[in-house]
Amino acid sequence: MAKKTATPFVLPEALLSAYDINDRINRYLIENLPDAAWRAKPPDGKGRDVASVVAHMHNVRVMWLKATKGKIPEQLDRQTVTAAQAAKGLEQSRAALREVLAASLAGDGSIKGFRPDVAGFFGYLIAHDAHHRGQIMLALKQSGHRLDRKIQYGIWEWGVR
C-alpha cells in the first residue's frame, strides 16, 4: 500500500486562514447576541456597551489601514451602529487588512508603522480582537445577558468556524 504524500504546510496561507477564522468568530459572537444585549449598559454605568466595543474593534482596523495605505472602509459610529452594520464593517475591514497582510507575506514581511514584522502584526490583530471578545462576554454576564453555553464554547471552536 502506497503512503500518502503529506500536503506541505504553507505558513503564509495558514496565517491568513487563522486571521479569517478569527473574524468569523467575531461575527459568530455578534450573530448570536440577544437583541437587548447590543446596547445593554454596564451595571455600574462605567465602560462600553457591546456595540461600542465592536465599533472600536473595527475602527482600530481602519486606523491600521490608514497607516498601511490599504483600502479604507468607513468607521463605525459607536453611538448608532447596529449589529448588522457592525458585522458588515468587520467583514470589510477584515478583507482590506487581509490584502495588506497577503502583500506583506508575499513581499519583505514589513508592515508600515508596525514593528517587528507581519507575523507580529497577525498576533497583534488576533490578540486585540480576542481581548475585546472577552470584554464582550464579561459585559454580557454583568448585564444579565449571559450567552448559552453552546455559544460560549463556540467562540473557541476554530476548527469549525
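As a starting point, this report considers the structure included with it. (Residues numbered from 1 in each chain as written. Predicted model: local features only at pLDDT ≥ 70, side-chain atom pairs only at ≥ 80, totals over all residues. Heavy atoms only, no water.)

Moving on to the overall build of the chain. The helix and strand tally for the chain stands at five helices and zero strands. From first element to last, N terminus to C terminus, the chain shows the α and β order α-α-α-α-α. Across its three principal directions, the C-alpha atoms of the chain cover 60 × 45 × 25 Å. Of all 161 residues assigned to the chain, the portion counted as buried reaches 42%. Considering only contacts within the chain whose residues lie at least 6 apart along the sequence, 69% involve residues at least 24 apart. In the structure as shown, the chain presents an accessible area of about 9400 Å², 56% of it carried by carbon and sulfur atoms. Computed over 24 positive and 16 negative side-chain charges, the separation of the two mean positions in the chain equals 2 Å. (Helix = DSSP H or I, 4+ residues; strand = E, 2+ residues; numbered from the N terminus. Buried < 20%, exposed > 50% of the residue type's maximum accessible area, 1.4 Å probe, protein only. Contact = heavy atoms within 4.5 Å. Areas by Shrake-Rupley, 256 points an atom, 1.4 Å probe, with all protein chains shown as cover. Lys, Arg positive; Asp, Glu negative; His and termini not counted. Charge placed at Lys NZ, Arg CZ, Asp CG, Glu CD.)

With their axes 9 Å apart at the nearest point, helix 2 (residues 50–68) and helix 4 (residues 118–142) run at an angle of 170° to one another. With respect to helix 4, the axis of helix 2 lies roughly antiparallel. Packed against helix 2, whose contacting residues are Val-50, Val-53, Val-54, His-56, Met-57, Val-60, Arg-61 and Trp-64, the element helix 4 presents Phe-121, Tyr-124, His-128, Asp-129, His-132, Gln-135, Ile-136 and Leu-140 at the interface. Along the lines of polarity and charge, the residues of the contact of helix 2 with helix 4 split into ten nonpolar, four polar and two charged. (Axes fitted to C-alpha atoms, helices over the stretch in contact; angles between N-to-C directions. Parallel < 35°, antiparallel > 145°, perpendicular 65-115°, else oblique. Nonpolar A, V, L, I, M, F, W, Y, C, P; charged D, E, K, R; others polar.)

Among the nonpolar cores identified, the biggest contains 23 residues, and Leu-33, Trp-38, Val-50, Val-54, Val-81, Ile-136 and Leu-140 are the most heavily contacted of them. Within the residue set of this core, elements represented by two or more residues are helix 1 (11–31), helix 2, helix 3 (83–106) and helix 4. Take this core: its biggest share by element is six residues, from helix 2. With sequence-adjacent residues up to four places away left out, Ile-136 is seen in contact with Leu-29, Val-50, Val-53, Val-54 and Met-57. The next biggest cluster of nonpolar side chains, apart from the first, holds 16 residues, and it includes Trp-64, Leu-65, Ala-96 and Phe-114. (Core = buried A, V, L, I, M, F, W, Y, C linked by side-chain atoms within 4.5 Å.)

Another aspect to go through is the packing of aromatic side chains. Here the structure, examined in full by the defined rule, presents seven aromatic pairs. With a centroid separation of 6.5 Å and an interplanar angle of 80°, the aromatic rings of Tyr-19 and Phe-122 are classed as edge-to-face. With Tyr-19 in helix 1 and Phe-122 in helix 4, this pair connects stretches of sequence that are 103 residues apart. Per residue, the accessibility class of Tyr-19 equals that of Phe-122, and both read buried. Joined through ring pairs, the aromatic side chains of Trp-64, Phe-114, Phe-121 and Tyr-124 make up one cluster. The ring of Tyr-28 is capped by Arg-161, whose NZ or CZ atom sits 3.8 Å from the centre of that ring. (Phe/Tyr/Trp six-rings, centres within 6.5 Å; stacked < 30°, edge-to-face > 60°. Lys NZ or Arg CZ within 6 Å of the ring centre and 35° of its normal.)

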